[in-house]
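Secondary and tertiary structure notes
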Amino acid sequence: MNATPRRKPADRDRAVARLRAITIGTSIASVAAVGAFAAVAAASWSGSTDVTTAAVTTTTTSGGSTSTATSTATTTDDSTTGSTSLQATATPTTTSIGSAHATSGGS
């Protein structure tokens, strides 16, 4: 049966140096790719200056308690392409006014 020959410290040093070179090369390539992507994105979209923001407030009354929710929406008009897009904010703000009652169920 043949045994695998024992590796030398020089082999390990070469492997670590190779791994370091691959890591540095990958880092440089990723920074260059991000820069190229940013340049293409900046060159292909000029942006828009027409923005309209609207707020919607909803009030709900239930069982003597009043709840108010407010959300905003932004409309962008791109005059270069003639298209309009509507984007709403993710989370509305909710305010509750009134009395609350909690029961623990104990006697």
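Remember, it's a predicted structure, so these values are computed and weren't measured experimentally. Residue numbers run consecutively from 1 along every chain, following the written order of its sequence. The predicted nature of this model means local features are confined to residues of pLDDT at least 70 and side-chain atom pairs, given and counted, to a pLDDT of 80 or more, with totals for whole chains, interfaces and linings taken over all residues. Side-chain measures were taken over the full set of non-hydrogen atoms in the model, leaving aside hydrogen atoms and water.

This brings us to the overall build of the protein. Strands are runs of DSSP state E lasting at least 2 residues, helices are runs of H or I lasting at least 4, and numbering of each runs from the N terminus. Along the protein, the regular secondary structure elements total one helix and four strands. Listed by position from the N terminus, the elements making up the protein come as α-β-β-β-β. In the protein, which comprises 107 residues, the share counted as buried stands at 2%. For the protein, restricting intrachain contacts to residue pairs at least 6 apart in sequence, the fraction spanning at least 24 positions comes to 34%. For the exposure calls, accessible area comes from a 1.4 Å probe over protein chains only, and a residue counts as buried if that area is under 20% of its type's maximum, exposed if over 50%, partly exposed in between. Only heavy atoms matter for contacts: two residues are in contact if any of them lie within 4.5 Å across the pair.

Counted as salt bridges are all cases of a side-chain nitrogen of Lys or Arg within 4 Å of a carboxyl oxygen of Asp or Glu. For the structure on display, the rule yields one salt bridge. With a shortest N-O distance of 2.3 Å, Arg14 and Asp11 are connected by a salt bridge. Note that Arg14 and Asp11 are positioned in helix H1 (residues 9–44) at a spacing of three residues, about one turn of the helix. The class for Arg14 is partly exposed, based on a relative accessible area of 48%.

Attention shifts here to the confidence of the model for the protein. Every residue gets a pLDDT, meaning the predictor's confidence in that residue, from 0 to 100. Of the residues in the protein, 45% have a pLDDT of 70 or more, and the chain-wide mean is 74. The spread of mean pLDDT over the elements of the protein runs between strand E3 (residues 83–88), the lowest at 57, and H1, the highest at 95.

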